[in-house]
There are 2 protein chains.
Amino acid sequence: MAAIHRFTGTPERPEWDGVEPRPYDLGEAVAGTKRVLVGPDDGAGNFALRYFEIVPGGKSSLDLHDHDHGIVIVKGRARVLIGRESHELGPGDVAYIGGRQEHQLTNLGDGPLGFLCVNPARATGPAGSRP
Amino acid sequence: MAAIHRFTGTPERPEWDGVEPRPYDLGEAVAGTKRVLVGPDDGAGNFALRYFEIVPGGKSSLDLHDHDHGIVIVKGRARVLIGRESHELGPGDVAYIGGRQEHQLTNLGDGPLGFLCVNPARATGPAGSRP
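Residues numbered from 1 in each chain as written. Chains lettered and ligands numbered in written order. Predicted model: local features only at pLDDT ≥ 70, side-chain atom pairs only at ≥ 80, totals over all residues. Heavy atoms only, no water.

**Student:** Just to check I follow, could you spell out the overall build of chain A for this structure?
**Tutor:** If you tally the helices and strands in chain A, you get 0 helices and 10 strands. Beginning at the N terminus, the succession of helices and strands in chain A can be written as β-β-β-β-β-β-β-β-β-β. Computed over the C-alpha atoms, the radius of gyration of chain A is 14 Å, within 12% of the 14 Å expected from 2.2 N^0.38 for a compact globule of 131 residues. By the burial criterion, 50% of the 131 residues in chain A qualify as buried. For chain A, long-range pairs separated by at least 24 residues make up 59% of all intrachain contacts whose partners lie at least 6 apart in sequence. Of the roughly 5,800 Å² of accessible surface on chain A, 49% is carried by carbon and sulfur atoms. Looking at charge distribution, chain A has the averaged site of its 14 positive side-chain charges lying 2 Å from that of its 17 negative ones. (Helix = DSSP H or I, 4+ residues; strand = E, 2+ residues; numbered from the N terminus. Rg over C-alpha atoms; globule rule 2.2 N^0.38 Å. Buried < 20%, exposed > 50% of the residue type's maximum accessible area, 1.4 Å probe, protein only. Contact = heavy atoms within 4.5 Å. Areas by Shrake-Rupley, 256 points an atom, 1.4 Å probe, with all protein chains shown as cover. Lys, Arg positive; Asp, Glu negative; His and termini not counted. Charge placed at Lys NZ, Arg CZ, Asp CG, Glu CD.)

**Student:** In this structure, what is going on with the state of the cysteines? I would like to understand it.
**Tutor:** As used here, a disulfide is simply a covalent bond connecting the sulfur atoms of two cysteines. In this structure the tally under the stated criterion is 0 disulfides over all chains. Considering cysteine sulfurs only, B:Cys117 is the nearest to A:Cys117, which forms no disulfide, with 17 Å between them. (Disulfide = S-S within 2.5 Å.)

**Student:** Could you clarify how one ought to interpret the relation of the copies chain B and chain A in this entry?
**Tutor:** Superposing the two chain copies requires a rotation about an axis and a translation along that axis. Between the two copies, chain B and chain A, the superposition gives an RMSD of 0.0 Å; the rotation angle is 180° and the shift along the axis is 0.0 Å. Here the symmetry operator amounts to a two-fold rotation axis. Of all interface residues in chain B, 100% are interface residues in chain A too; the two copies therefore contact each other through one and the same surface. (Least-squares fit on C-alpha atoms with pLDDT ≥ 70 in both.)

**Student:** Mind showing me how you'd approach the packing of aromatic side chains here?
**Tutor:** Each aromatic ring pair is described using two quantities: the centre-to-centre distance and the angle formed by the ring planes. Residues and elements named next belong to chain A. Taken as a whole and judged by the stated rule, the model has 10 aromatic pairs over all chains. Where Phe7 meets Trp16, the ring centres are 5.3 Å apart and the plane angle is 70°; that geometry is what we call edge-to-face. For Phe7, a relative accessible area of 24% corresponds to the partly exposed category. Here Trp16 falls in the buried class, since its relative accessible area comes to 9%. Between the aromatic rings of Tyr24 and Phe52, the centroid separation amounts to 5.2 Å while the plane-to-plane angle is 75°, which identifies the pairing as edge-to-face. Remark: Phe52 occurs in strand β4 (residues 47-54) and Tyr24 occurs in strand β2 (residues 22-25); sequence separation between them is 28 residues. Grouping residues by exposure puts Tyr24 and Phe52 together as buried. (Phe/Tyr/Trp six-rings, centres within 6.5 Å; stacked < 30°, edge-to-face > 60°.)

**Student:** Could you clarify how one ought to interpret the interface of chain B and chain A in this entry?
**Tutor:** Note: interface size is frequently given as the accessible area lost on complex formation between the parts. With 38 residues of chain B at the contact, the number on the chain A side is 38 residues. At the junction of chain B with chain A, the criterion picks out 2 salt bridges. At the level of elements, β1 (2-5), β3 (30-38), β4 (47-54), β5 (69-75), β7 (85-89), β8 (94-97) and β10 (113-120) of chain B are the ones that each hand at least two residues to the side of chain B that touches chain A. Residues belonging to the side of chain B that touches chain A are distributed by class as follows: 22 nonpolar, 10 polar and 6 charged. Pairing between strand β1 (residues 2-5) of chain A and β8(B): 4 bridges, direction antiparallel. Within the sheet, the bridge partner assigned to A:Ala2 lies in β8(B) and is B:Ile97. (Salt bridge = Lys/Arg side-chain N within 4 Å of Asp/Glu carboxyl O. Nonpolar A, V, L, I, M, F, W, Y, C, P; charged D, E, K, R; others polar. Pairing = 2+ DSSP bridges.)

**Student:** What is the right way to look at the side chain of A:His67 in this model?
**Tutor:** Mapped onto the elements of the fold, A:His67 is located in the loop between β4 and β5 (69-75). Of the polar contacts made by the side chain of A:His67, one reaches the side chain of A:Asn119; its length is 3.4 Å. (Polar contact = N/O pair within 3.5 Å; in protein donor to acceptor, adjacent residues only side chain to side chain.)

**Student:** Can you help me understand the sheet that holds β2(A) in this one?
**Tutor:** Through backbone hydrogen bonds, the strands of a sheet pair up, either in parallel or in antiparallel fashion. Across the sheet, 7 strands lie side by side as β2(A)-β3(A)-β4(A)-β10(A)-β5(A)-β8(A)-β1(B); this open sheet has antiparallel pairing. Two strands lie at the open edges of the sheet, namely β2 of chain A together with β1 of chain B, each paired on one side alone. Sheet twist, expressed as the average angle between the axes of neighbouring strands with direction ignored, equals 25°. (Axes fitted to C-alpha atoms, helices over the stretch in contact; angles between N-to-C directions.)

**Student:** I would appreciate a short explanation of the environment of A:Thr8 in the present structure.
**Tutor:** Residue and element names in this part refer to chain A. Along the polypeptide, Thr8 turns up in the loop between β1 and β2. Of the residues examined, Thr8 reaches a relative accessible area of 46% and is grouped as partly exposed. Distance in space between the C-alpha atoms of Thr8 and Val74 is 16 Å, their sequence separation being 66 residues. If near-sequence neighbours (up to four positions away) are discounted, Thr8 is found in contact with Glu15, Trp16 and Asp17.

**Student:** Before we go on, may I ask you to explain the sheet that holds strand β6 (residues 78-82) of chain A in this structure?
**Tutor:** Residues and elements named next belong to chain A. Taken together, 3 strands build an open sheet; the order of strands is β7-β6-β9 and the sheet is antiparallel. This sheet does not close on itself; its edge strands, each paired only once, are β7 (85-89) and β9 (103-107). The sheet shows a mean angle of 20° between the axes of neighbouring strands, taken without regard to direction.

Right, here's the structure in full:
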């Protein structure tokens, strides 16, 4: 199986063929959008690669689960909480968040915070869909 | 466990703190460089995220293995062979290469071809290190 998702957007408004933006909803308010660039719909069973955008002032859910994440900041500024540590990251910066590490990304900038996030196959937790 | 690799380079010469560039060597000639942005050295056991650059005129090895890949082109132009299909891809384009699909990336441009590549934990094949 193979799949191609061509980039059809701009850096400001990224879009990919065959990838639907979904509201990244934390229950109280929409914090941004989530796009599954590689995932089950492509036949990928070992990992998923997602692109998130968080609105200015927004943050991801404060998550704690068994699986780990790899993150690459694409645009904007983030405060990344991992366990008891906090890091301010910008474009190109990479974070590895191990399993059982509480984590949350906060958008520190005036524009959207965009980041890629890798999920392993054995992702767990609510909806299996949170960063 | 957690790890941060700050981007310290430029789009032309990407570098990350704590990430050593390694020759991406196909045995005959160096085809470029490989950087493990997230991998075993970070404690990551479920997946690896790597950044490759292929020199102009260069190509990745023609690979066939059980594990799959997720690829995001960062810069340059690539011809991506997946099974019997070939796709010309550019910056932002995403490819999913399923397991047991023969694959190869060829740099079609005058500058380096840069791409991110996700490997699942159960990567197999020679050195487990090829794109």
